[in-house]
Amino acid sequence: MLVLFETAAGYAIFKVLNEKKLQEVDSLWKEFETPEKANKIVKLKHFEKFQDTTEALAASTALVEGKLSKNLKKILKKIVAKDAHEQLAVADAKLGGVIKDKLNLSCIHSPMVTELMRGIRSQIEGLITGLPSREMAAMCLGLAHSLSRYKLKFSPDKVDTMIVQAISLLDDLDKELNNYIMRCREWYGWHFPELGKIITDNLTYCKCVRKVGDRRNFASSDVSDILPEEIEEDVKAAAEISMGTEVSEEDINNIIHLCDQVIEISEYRTQLYDYLKNRMMAIAPNLTVMVGELVGARLIAHAGSLLNLAKHPASTVQILGAEKALFRALKTKRDTPKFGLIYHASLVGQTTAKNKGKISRMLAAKTALTIRYDALGEDTSAEMGAENRLKVETRLRHLEERGIRRISGTGKALARTDKYQNKSEVKVYDPSGDSTLPAVSKKKKIQEVEEQEEGVAVKAKKFKAEMKEEEADVDEGEPVKKKKKKKEKKKQADEEEESQTEEPPPSPTVENTEKKKKKKKKPKDEDED
């Protein structure tokens, strides 16, 4: 059996002398306790040394990616092809598969091979002769640095420090430009105040002032390359009737010098913005597509680097830049902010105030995905960012239309669900099922209705009779006392009527007796009076 062993100094091929001892995997480490014991198990057959660190890095990179380098292919053809009948022990199963496909050599990878590689590594200085330990250490250190730089993809295109510095400088330039332009307008406004109202663009204002100087020169100067014809006529008309003060040539020269500074800074700002745009597309293309160059650069600058930003969850990305408002809200126990720097993204800006919170939350979630894809992924295309932006735009359109739709896949699928309506059916308990007695017959029901109608008719007759009696008493001019007694009688009659409605209607014989008693009572009352 042959063993392929990779070191920082080069490739080594060993010949296994005693294969029987390899079967005891658990006790194999005892055979590599000393260099003498190790030389009894394996013997160096060939060692191919690397020429420099670049060659070592290329070989290590190929091994990491599971590929077969050119140097290794040559060595295997020269050395191993002679002993093609023997198996080749490799540390990587993927590399063994590639060697088998290209060179038609039988490769083996097992726990036994792993233990054998560990033993060879522990006694590598004694097994490989002619290689000083100091040189081996230097080769290991140089290869480690080169491989780490390769793994981290250390290239100028991926340095996000340039973005942090560029966006900081851009913000500083904006502040200085505002100060300079405000000073220029205020300074020249003493001489020609009407010009500031006619020309609203700051850069055009400074170019006009630099070209013309004194307001009296507007009539003879041509500023058609700076201003449209209509505005140029207005400026010339205003210059003739201006109410500004007169200034000296030295003052005009200083104002013109300030205008030169404003124009130069504006041009440099435009150049810096183009540089920032290109750098953002190179480092974070998906983030740029989602939120734009400026917002993406500010997020990276706020987090410190693209990798630090990728470590933040979506909720932190959403409120990044609003830390003061967040902690103030937590301290006063009020509502926390819904957005920070992400508020300036175009998708959040074009929504209504009602939906800004929802869109900022969804945009932050998709932005967090694109940041991680840009920071940790190897692909440099912006397809993922475009897909996620399409989903957010679809969601925004649905919110504006107040439609309920499902956002999935490409963001174009519509959910065919109706609006939810709670339909509760209230069932009333039917007590008729509890009774075992037969239901009331129709004849009895008819009799009860007739009795109730008769009772109502009797009450109406009594009420009419009492009303007639009261009218007769009033005509005779009886004293007030009789009226009181009659009222009492009315009350008694009403109470009797109520009792009669509750009780079954009295028989005709009972009614006659009651009438006779009333007739007897009337003369007694008259005698008492």
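Quick notes on the rules
Residues numbered from 1 in each chain as written. Predicted model: local features only at pLDDT ≥ 70, side-chain atom pairs only at ≥ 80, totals over all residues. Heavy atoms only, no water. Core = buried A, V, L, I, M, F, W, Y, C linked by side-chain atoms within 4.5 Å. Buried < 20%, exposed > 50% of the residue type's maximum accessible area, 1.4 Å probe, protein only. Helix = DSSP H or I, 4+ residues; strand = E, 2+ residues; numbered from the N terminus. Contact = heavy atoms within 4.5 Å. Phe/Tyr/Trp six-rings, centres within 6.5 Å; stacked < 30°, edge-to-face > 60°. Lys NZ or Arg CZ within 6 Å of the ring centre and 35° of its normal. Patch = residues over 30% accessible without salt bridge, like charges linked within 9 Å, V, L, I, M, F, W, Y side chains within 5 Å. Areas by Shrake-Rupley, 256 points an atom, 1.4 Å probe, with all protein chains shown as cover. Salt bridge = Lys/Arg side-chain N within 4 Å of Asp/Glu carboxyl O. Lys, Arg positive; Asp, Glu negative; His and termini not counted. Charge placed at Lys NZ, Arg CZ, Asp CG, Glu CD. Expected span 1.5 Å × (residues − 1). Arc of directions from axis to C-beta. Pairing = 2+ DSSP bridges. Axes fitted to C-alpha atoms, helices over the stretch in contact; angles between N-to-C directions. Parallel < 35°, antiparallel > 145°, perpendicular 65-115°, else oblique. Left-handed = near helix turned anticlockwise from the far one by under 90°. Nonpolar A, V, L, I, M, F, W, Y, C, P; charged D, E, K, R; others polar.

J.: Sorry, what's going on with the nonpolar core here?
T.: Side chains that are nonpolar tend, in soluble globular proteins, to be buried together. Y188, L195 and L363 are the most contacted members of the largest nonpolar core, which has 62 residues in total. With twelve residues, helix 12 (residues 249–283) is the largest single contributor of residues to this core. If we ignore the near neighbours within four places in the chain, the residues touching L195 are Y188, Y205, V209, F218 and V235. Counting 25 residues, the second-largest nonpolar core is a separate cluster that includes F5, A12, V16 and A89.

J.: Got a minute to help me understand the packing of aromatic side chains in this structure?
T.: Two measures describe an aromatic ring pair: the distance that separates the ring centres and the angle between the ring planes. This model, assessed by the stated rule, comprises five aromatic pairs. On the numbers, 6.4 Å between centres and 70 degrees between planes, the contact of F5 with F14 is edge-to-face. Note on F5: relative accessible area 3%, which makes it buried. Look at F14 and you get buried, because its relative accessible area is 0%. Lying across the ring of Y205, R185 places its NZ or CZ 4.5 Å from the centre.

J.: How should I be thinking about a positive patch on the surface in this particular structure?
T.: Taken together, K338, K354, K358, R361 and R402 make up a surface patch of like positive charges. Note that R402 resides in the loop between helix 20 (383–401) and helix 21 (442–476). Overall, R402 belongs to the exposed group, its relative accessible area being 69%.

J.: Can you help me understand the side chain of S69 in this one?
T.: Residue position: S69 is located in the loop between helix 2 (53–64) and helix 3 (70–78). Once you skip the residues sitting within four places of it in the chain, S69 turns out to touch Y11 and A62.

J.: Whenever I open this one, helix 11 (residues 229–240) confuses me. Can you help?
T.: In an α-helix, one turn spans 3.6 residues; hence positions three or four apart end up facing the same way. The end-to-end C-alpha distance of helix 11, which contains twelve residues, comes to 17 Å, matching closely the 16 Å that a straight helix rising 1.5 Å per residue would cover. Of the residues making up helix 11, those classed as buried are E232, V235, A238 and A239. Take helix 11 and look down its axis: the buried residues cluster within an arc of 130 degrees, on one side only. Exposed and facing more than 90 degrees away from the buried side of helix 11 are E229, E230, E233 and E240.

J.: Got a minute to help me understand a negative patch on the surface in this structure?
T.: The grouping of E229, E230, E233 and D234 at the surface amounts to a negative patch. Looking at where E229 falls in the secondary structure, it is placed in helix 11. You can call E229 exposed: its relative accessible area is 63%.

J.: What is the right way to look at the pairing of strand 1 (residues 2–6) in this model?
T.: Regular strands place their side chains on alternate faces of the sheet. Buried residues dominate strand 1, accounting for four of its five residues. Summarising the sheet, strand 1 and strand 2 (residues 10–16) pair through five bridges and their orientation is antiparallel. The residue of strand 2 that forms the bridge with E6 is Y11. Counting the residues in the hairpin turn of strand 1 and strand 2 gives three residues. Looking at chain direction, strand 1 and strand 4 (residues 88–89) are connected through two bridges and run parallel. Bridge pairing in strand 4 places L2 opposite L88.

J.: In this structure, what is going on with the pairing of strand 2? I would like to understand it.
T.: Among the seven residues that make up strand 2, six are buried, leaving the element largely enclosed by the rest of the structure. Summarising the sheet, strand 2 and strand 3 (residues 42–49) pair through seven bridges and their orientation is antiparallel. Bridging across to strand 3, G10 finds its partner in K49.

J.: What's the story with the packing of helix 8 (residues 161–189) against helix 10 (residues 202–212) in this structure? I'm lost.
T.: A pair of packed helices is characterised by two quantities: the angle between their axes and the separation of those axes. Here helix 8 crosses helix 10 at 45 degrees, and the two axes come no closer than 11 Å. With respect to their mutual orientation, helix 8 and helix 10 come out oblique. Here the hand of the crossing between helix 8 and helix 10 comes out left-handed. Residues I181, C184, R185, Y188 and G189 of helix 8 form the contact with helix 10, whose own contacting residues are N202, Y205, C206 and V209. Counted by class, the contact of helix 8 with helix 10 contains six nonpolar, two polar and one charged residues.

J.: Which parts of the structure should I look at to understand the sheet that holds strand 3?
T.: The mixed open sheet is built from five strands, whose spatial order is 3-2-1-4-5. Whereas interior strands pair on both sides, the edge strands pair on one side only; in this sheet they are strand 3 and strand 5 (107–108). The strands touched by helix 3 are strand 1, strand 2, strand 3 and strand 4; relative to strand 2, the strand with the most contacts, the crossing angle is about 30 degrees.

J.: Explain the packing of helix 8 against helix 14 (residues 293–303) here, please?
T.: Following both chains from N to C, one finds helix 8 and helix 14 inclined at 115 degrees, their axes separated by 9 Å at the closest point. Taken together, the axes of helix 8 and helix 14 lie roughly perpendicular to each other. Regarding helix 8 and helix 14, the two cross each other, and that crossing is left-handed. Listed contacts from helix 14 to I163, V164, I167, L170 and D171 of helix 8 are L294, A297, R298, I300 and A301.

J.: Sorry if this is basic, but what is going on with the pattern of salt bridges here?
T.: Two side chains carrying opposite charge are able to pair once their charged atoms lie near each other. For the structure on display, the rule yields 13 salt bridges. Residues E135 and K49 are paired through a salt bridge, measuring 2.4 Å at the closest nitrogen-oxygen approach. Here E135 is found in helix 7 (residues 133–151), whereas its partner K49 is found in strand 3, with 86 residues between them in sequence. Look at E135 and you get partly exposed, because its relative accessible area is 30%. A salt bridge links D225 to K211; the shortest N-O distance between them is 3.0 Å. Of this pair, D225 sits in the loop between helix 10 and helix 11 while K211 sits in helix 10, and the two are 14 residues apart along the sequence.

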